[in-house]
Amino acid sequence: AKLKDERMGMLAGWMLLTTFYFVFWARTSSADMLNLAGSLFAIAWYMHHREKAGFSEYAIFFLVVALTSLCKGLVGAIIPAIAVSVDLVLRRAWRQHINATLFFAAMPALVVYLLPFWASSHFGGDSYGQSGLYLVYRENILRYFQPFDHKGPIYTYFIYLPVYALPWTLFFIPALCALKSRWSNLSQDAKWLNWTLLLIFLFFTLSGSRRNYYILPLVPFAILATAEWLTSDAASRIRYQILTAWLVLISYMALFIAMDV
(Lines give C-alpha, C1' and ligand atoms only; values in the text may rest on other atoms or scores of the structure.)
Protein backbone atom coordinates (compact mmCIF):
# COMPACT_ATOMS: atom_id res chain seq x y z
CA ALA A 1 0.00 0.00 0.00
CA LYS A 2 2.91 2.34 0.77
CA LEU A 3 4.56 1.57 -2.57
CA LYS A 4 1.50 2.29 -4.70
CA ASP A 5 -2.01 2.21 -3.24
CA GLU A 6 -4.35 0.19 -1.04
CA ARG A 7 -5.56 -1.88 -3.98
CA MET A 8 -2.06 -3.20 -4.66
CA GLY A 9 -1.48 -3.76 -0.95
CA MET A 10 -4.63 -5.84 -0.49
CA LEU A 11 -3.98 -7.84 -3.66
CA ALA A 12 -0.36 -8.56 -2.69
CA GLY A 13 -1.47 -9.61 0.80
CA TRP A 14 -4.00 -12.13 -0.50
CA MET A 15 -1.53 -13.41 -3.09
CA LEU A 16 1.13 -13.98 -0.43
CA LEU A 17 -1.36 -15.71 1.87
CA THR A 18 -2.24 -18.12 -0.95
CA THR A 19 1.36 -18.85 -2.00
CA PHE A 20 1.94 -22.53 -1.31
CA TYR A 21 5.50 -22.48 0.01
CA PHE A 22 4.91 -19.36 2.10
CA VAL A 23 2.17 -21.23 3.96
CA PHE A 24 4.19 -24.46 3.97
CA TRP A 25 7.20 -22.90 5.72
CA ALA A 26 4.98 -20.84 8.01
CA ARG A 27 3.76 -24.13 9.49
CA THR A 28 7.22 -25.48 10.35
CA SER A 29 9.38 -24.70 13.38
CA SER A 30 12.03 -23.11 11.18
CA ALA A 31 14.06 -19.93 11.60
CA ASP A 32 13.57 -19.12 7.92
CA MET A 33 10.12 -17.59 8.44
CA LEU A 34 11.44 -15.56 11.39
CA ASN A 35 14.16 -14.30 9.07
CA LEU A 36 11.60 -13.42 6.42
CA ALA A 37 9.34 -11.66 8.94
CA GLY A 38 12.16 -9.67 10.52
CA SER A 39 13.62 -8.60 7.17
CA LEU A 40 10.24 -7.45 5.87
CA PHE A 41 9.42 -5.64 9.10
CA ALA A 42 12.73 -3.76 8.98
CA ILE A 43 12.14 -2.74 5.35
CA ALA A 44 8.53 -1.73 6.05
CA TRP A 45 9.69 0.31 9.06
CA TYR A 46 12.25 2.10 6.88
CA MET A 47 9.71 2.82 4.12
CA HIS A 48 7.29 4.29 6.66
CA HIS A 49 9.88 6.53 8.33
CA ARG A 50 12.33 7.29 5.54
CA GLU A 51 11.26 10.91 5.13
CA LYS A 52 11.56 11.94 8.79
CA ALA A 53 13.81 9.53 10.60
CA GLY A 54 15.23 10.37 14.01
CA PHE A 55 17.16 8.51 16.69
CA SER A 56 14.22 6.32 17.78
CA GLU A 57 13.31 5.35 14.20
CA TYR A 58 16.91 4.41 13.41
CA ALA A 59 17.30 2.55 16.71
CA ILE A 60 14.16 0.44 16.17
CA PHE A 61 15.27 -0.39 12.62
CA PHE A 62 18.67 -1.60 13.83
CA LEU A 63 17.14 -3.52 16.76
CA VAL A 64 14.84 -5.39 14.37
CA VAL A 65 17.82 -6.18 12.13
CA ALA A 66 19.87 -7.38 15.12
CA LEU A 67 17.12 -9.68 16.41
CA THR A 68 16.52 -11.04 12.90
CA SER A 69 20.23 -11.75 12.50
CA LEU A 70 20.18 -13.71 15.77
CA CYS A 71 17.33 -15.85 14.40
CA LYS A 72 18.95 -17.05 11.18
CA GLY A 73 22.26 -15.32 10.55
CA LEU A 74 23.69 -12.26 8.82
CA VAL A 75 21.30 -12.66 5.89
CA GLY A 76 18.76 -11.01 8.21
CA ALA A 77 20.85 -7.84 7.96
CA ILE A 78 21.92 -8.16 4.33
CA ILE A 79 18.41 -8.27 2.84
CA PRO A 80 17.29 -5.00 4.53
CA ALA A 81 20.69 -3.47 3.68
CA ILE A 82 20.22 -4.23 -0.02
CA ALA A 83 16.65 -2.93 -0.05
CA VAL A 84 17.48 0.27 1.84
CA SER A 85 20.63 0.94 -0.23
CA VAL A 86 18.71 0.65 -3.50
CA ASP A 87 16.12 3.15 -2.24
CA LEU A 88 18.80 5.59 -1.03
CA VAL A 89 20.53 5.44 -4.42
CA LEU A 90 17.33 5.90 -6.43
CA ARG A 91 16.17 8.82 -4.28
CA ARG A 92 19.71 10.22 -3.83
CA ALA A 93 19.07 10.43 -0.11
CA TRP A 94 22.45 9.30 1.22
CA ARG A 95 23.25 12.64 2.82
CA GLN A 96 19.89 12.74 4.57
CA HIS A 97 20.57 9.51 6.47
CA ILE A 98 24.35 9.22 6.79
CA ASN A 99 24.85 11.22 9.97
CA ALA A 100 26.02 10.90 13.58
CA THR A 101 22.51 10.05 14.81
CA LEU A 102 22.48 6.95 12.59
CA PHE A 103 25.70 5.60 14.10
CA PHE A 104 24.69 6.31 17.70
CA ALA A 105 21.32 4.63 17.08
CA ALA A 106 23.12 1.47 15.92
CA MET A 107 24.90 1.04 19.26
CA PRO A 108 21.96 -0.47 21.25
CA ALA A 109 21.37 -2.98 18.43
CA LEU A 110 25.06 -3.93 18.44
CA VAL A 111 24.86 -4.61 22.19
CA VAL A 112 21.69 -6.70 21.74
CA TYR A 113 23.34 -8.73 18.98
CA LEU A 114 26.57 -9.40 20.89
CA LEU A 115 24.97 -10.01 24.29
CA PRO A 116 23.99 -13.69 23.69
CA PHE A 117 27.52 -14.52 22.52
CA TRP A 118 29.06 -12.84 25.55
CA ALA A 119 26.58 -14.50 27.92
CA SER A 120 27.10 -17.98 26.48
CA SER A 121 30.88 -17.68 26.78
CA HIS A 122 30.64 -16.62 30.45
CA PHE A 123 27.70 -18.71 31.68
CA GLY A 124 27.60 -21.65 29.26
CA GLY A 125 29.56 -23.97 31.49
CA ASP A 126 31.89 -26.69 30.30
CA SER A 127 29.40 -27.91 27.69
CA TYR A 128 29.92 -24.77 25.57
CA GLY A 129 33.07 -25.42 23.60
CA GLN A 130 32.92 -23.26 20.45
CA SER A 131 33.05 -19.54 19.80
CA GLY A 132 29.62 -18.30 18.77
CA LEU A 133 31.06 -15.42 16.75
CA TYR A 134 33.36 -17.80 14.91
CA LEU A 135 30.33 -19.92 14.01
CA VAL A 136 28.63 -16.76 12.67
CA TYR A 137 31.69 -16.22 10.48
CA ARG A 138 31.83 -19.87 9.40
CA GLU A 139 28.12 -20.29 8.68
CA ASN A 140 27.66 -16.94 6.93
CA ILE A 141 30.82 -15.47 5.42
CA LEU A 142 32.97 -18.59 4.94
CA ARG A 143 29.99 -20.62 3.68
CA TYR A 144 29.16 -17.87 1.17
CA PHE A 145 32.64 -17.78 -0.42
CA GLN A 146 34.00 -21.25 0.39
CA PRO A 147 31.02 -23.56 0.95
CA PHE A 148 31.64 -26.82 2.73
CA ASP A 149 28.14 -28.24 2.11
CA HIS A 150 24.83 -27.45 0.36
CA LYS A 151 26.64 -26.86 -2.94
CA GLY A 152 23.65 -26.52 -5.24
CA PRO A 153 24.23 -25.66 -8.93
CA ILE A 154 24.35 -22.00 -10.03
CA TYR A 155 20.90 -22.30 -11.63
CA THR A 156 19.24 -23.50 -8.40
CA TYR A 157 17.20 -20.36 -7.77
CA PHE A 158 16.22 -19.93 -11.42
CA ILE A 159 14.24 -23.13 -10.83
CA TYR A 160 13.09 -22.67 -7.24
CA LEU A 161 11.97 -19.02 -7.27
CA PRO A 162 9.17 -19.82 -9.79
CA VAL A 163 8.38 -22.97 -7.78
CA TYR A 164 8.22 -21.04 -4.50
CA ALA A 165 5.98 -18.41 -6.13
CA LEU A 166 3.32 -20.97 -7.13
CA PRO A 167 0.53 -20.53 -8.06
CA TRP A 168 1.40 -16.90 -8.77
CA THR A 169 4.19 -17.88 -11.17
CA LEU A 170 1.34 -17.80 -13.68
CA PHE A 171 1.48 -13.98 -13.42
CA PHE A 172 5.03 -13.50 -12.10
CA ILE A 173 6.71 -14.56 -15.35
CA PRO A 174 4.54 -12.29 -17.57
CA ALA A 175 5.20 -9.45 -15.09
CA LEU A 176 8.95 -9.93 -15.60
CA CYS A 177 8.54 -10.10 -19.37
CA ALA A 178 6.57 -6.84 -19.37
CA LEU A 179 9.26 -4.91 -17.47
CA LYS A 180 11.20 -3.86 -20.58
CA SER A 181 8.20 -2.16 -22.23
CA ARG A 182 6.95 -0.66 -18.94
CA TRP A 183 10.23 0.49 -17.41
CA SER A 184 10.13 4.13 -18.54
CA ASN A 185 6.62 4.53 -17.10
CA LEU A 186 7.28 2.86 -13.74
CA SER A 187 7.18 4.91 -10.58
CA GLN A 188 10.34 5.27 -8.52
CA ASP A 189 8.99 2.86 -5.90
CA ALA A 190 8.14 0.28 -8.56
CA LYS A 191 11.67 0.55 -9.93
CA TRP A 192 12.99 0.16 -6.37
CA LEU A 193 10.93 -3.02 -5.99
CA ASN A 194 12.28 -4.59 -9.17
CA TRP A 195 15.89 -3.55 -8.56
CA THR A 196 15.68 -4.98 -5.03
CA LEU A 197 14.21 -8.22 -6.38
CA LEU A 198 17.07 -8.53 -8.90
CA LEU A 199 19.90 -7.70 -6.48
CA ILE A 200 18.69 -10.03 -3.72
CA PHE A 201 18.29 -12.78 -6.31
CA LEU A 202 21.86 -12.16 -7.50
CA PHE A 203 23.11 -12.15 -3.91
CA PHE A 204 21.67 -15.61 -3.28
CA THR A 205 22.73 -16.93 -6.70
CA LEU A 206 26.35 -15.81 -6.30
CA SER A 207 26.63 -17.59 -2.96
CA GLY A 208 28.58 -20.84 -3.13
CA SER A 209 26.10 -22.48 -0.72
CA ARG A 210 22.62 -22.92 -2.20
CA ARG A 211 19.51 -24.68 -0.93
CA ASN A 212 15.99 -24.26 -2.27
CA TYR A 213 14.50 -22.69 0.87
CA TYR A 214 17.24 -20.04 1.12
CA ILE A 215 15.24 -18.17 -1.53
CA LEU A 216 12.24 -17.84 0.78
CA PRO A 217 12.87 -14.15 1.75
CA LEU A 218 12.64 -13.26 -1.94
CA VAL A 219 9.09 -14.58 -2.32
CA PRO A 220 7.32 -11.46 -0.93
CA PHE A 221 9.26 -9.25 -3.35
CA ALA A 222 8.25 -11.48 -6.26
CA ILE A 223 4.62 -11.29 -5.11
CA LEU A 224 4.79 -7.50 -4.75
CA ALA A 225 6.27 -7.13 -8.24
CA THR A 226 3.51 -9.33 -9.64
CA ALA A 227 0.79 -7.39 -7.80
CA GLU A 228 2.23 -4.11 -9.09
CA TRP A 229 1.94 -5.40 -12.66
CA LEU A 230 -1.59 -6.77 -12.11
CA THR A 231 -2.77 -3.37 -10.83
CA SER A 232 -1.06 -1.41 -13.62
CA ASP A 233 -2.86 -0.01 -16.64
CA ALA A 234 -1.12 -2.59 -18.82
CA ALA A 235 -2.72 -5.52 -17.00
CA SER A 236 -5.82 -4.22 -15.19
CA ARG A 237 -8.33 -5.70 -17.55
CA ILE A 238 -11.46 -7.49 -16.41
CA ARG A 239 -10.18 -10.95 -17.41
CA TYR A 240 -7.12 -10.56 -15.24
CA GLN A 241 -9.24 -9.41 -12.29
CA ILE A 242 -11.64 -12.36 -12.62
CA LEU A 243 -8.78 -14.86 -13.09
CA THR A 244 -6.91 -13.45 -10.10
CA ALA A 245 -10.01 -13.62 -7.89
CA TRP A 246 -10.69 -17.23 -8.86
CA LEU A 247 -7.04 -18.17 -8.36
CA VAL A 248 -7.06 -16.67 -4.86
CA LEU A 249 -10.22 -18.60 -3.98
CA ILE A 250 -9.02 -21.92 -5.45
CA SER A 251 -5.57 -21.58 -3.85
CA TYR A 252 -7.09 -20.74 -0.47
CA MET A 253 -9.35 -23.80 -0.55
CA ALA A 254 -6.53 -26.06 -1.79
CA LEU A 255 -4.21 -24.84 0.96
CA PHE A 256 -6.91 -25.25 3.59
CA ILE A 257 -7.49 -28.86 2.55
CA ALA A 258 -3.80 -29.71 2.11
CA MET A 259 -2.43 -27.97 5.24
CA ASP A 260 -5.29 -28.13 7.72
CA VAL A 261 -7.55 -31.07 6.91
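In the block above lies the structure referred to throughout.
Residues numbered from 1 in each chain as written. Predicted model: local features only at pLDDT ≥ 70, side-chain atom pairs only at ≥ 80, totals over all residues. Heavy atoms only, no water.

### A closer look at a nonpolar patch on the surface
Moving on, step 1. A grouping of Met10, Trp14, Leu17, Ile242, Trp246, Leu249, Ile250, Tyr252, Met253, Phe256, Ile257 and Val261 is seen on the molecular surface, where their side chains present a nonpolar patch of about 1,300 Å² in accessible area.
Moving on, step 2. Elements represented by at least two residues in the nonpolar patch include exactly helix H1 (6-17) and helix H14 (238-260).
Moving on, step 3. As for its position among the elements, Phe256 is in helix H14. (Patch = residues over 30% accessible without salt bridge, like charges linked within 9 Å, V, L, I, M, F, W, Y side chains within 5 Å. Areas by Shrake-Rupley, 256 points an atom, 1.4 Å probe, with all protein chains shown as cover. Salt bridge = Lys/Arg side-chain N within 4 Å of Asp/Glu carboxyl O. Helix = DSSP H or I, 4+ residues; strand = E, 2+ residues; numbered from the N terminus.)

### Comments concerning the nonpolar core
Moving on, step 1. Ranked by size, the top nonpolar core spans 60 residues in total, and within it Trp192, Phe204, Ile215, Leu218 and Phe221 carry the most contacts.
Moving on, step 2. Of all the elements, helix H13 (residues 219-230) adds the most residues to this core, at eight residues.
Moving on, step 3. Once you skip the residues sitting within four places of it in the chain, Phe204 turns out to touch Val75, Ile79, Tyr157, Arg210, Tyr214, Ile215 and Pro217.
Moving on, step 4. In terms of nonpolar packing, the next biggest core, distinct from the first, is built from five residues, Ala109, Tyr113, Phe117 and Val136 among them. (Core = buried A, V, L, I, M, F, W, Y, C linked by side-chain atoms within 4.5 Å. Buried < 20%, exposed > 50% of the residue type's maximum accessible area, 1.4 Å probe, protein only. Contact = heavy atoms within 4.5 Å.)

### Focus on the packing of aromatic side chains
Moving on, step 1. One pass over the full model with this rule turns up 17 aromatic pairs.
Moving on, step 2. Seen in terms of ring centroids, Trp14 and Tyr252 are 6.3 Å apart; in terms of plane orientation they differ by 65°. Their pairing is edge-to-face. In this pair, Trp14 is assigned in helix H1 and Tyr252 in helix H14, connecting sequence segments 238 residues apart.
Moving on, step 3. On the basis of an interplanar angle of 85° and a centroid distance of 4.9 Å, the ring pair of Phe158 and Phe201 is categorised as edge-to-face. Of this pair, Phe158 sits in helix H9 (residues 156-164) while Phe201 sits in helix H12 (residues 188-206), and the two are 43 residues apart along the sequence.
Moving on, step 4. In this structure Phe158 comes out as exposed when scored by relative accessible area, which is 55%.
Moving on, step 5. Exposure remark for Phe201: the relative accessible area of 11% places this residue in the buried category.
Moving on, step 6. A network of ring pairs unites the aromatic residues Phe20, Tyr21, Phe24, Trp25, Tyr160, Tyr164, Tyr213 and Tyr214 as a single cluster. (Phe/Tyr/Trp six-rings, centres within 6.5 Å; stacked < 30°, edge-to-face > 60°.)

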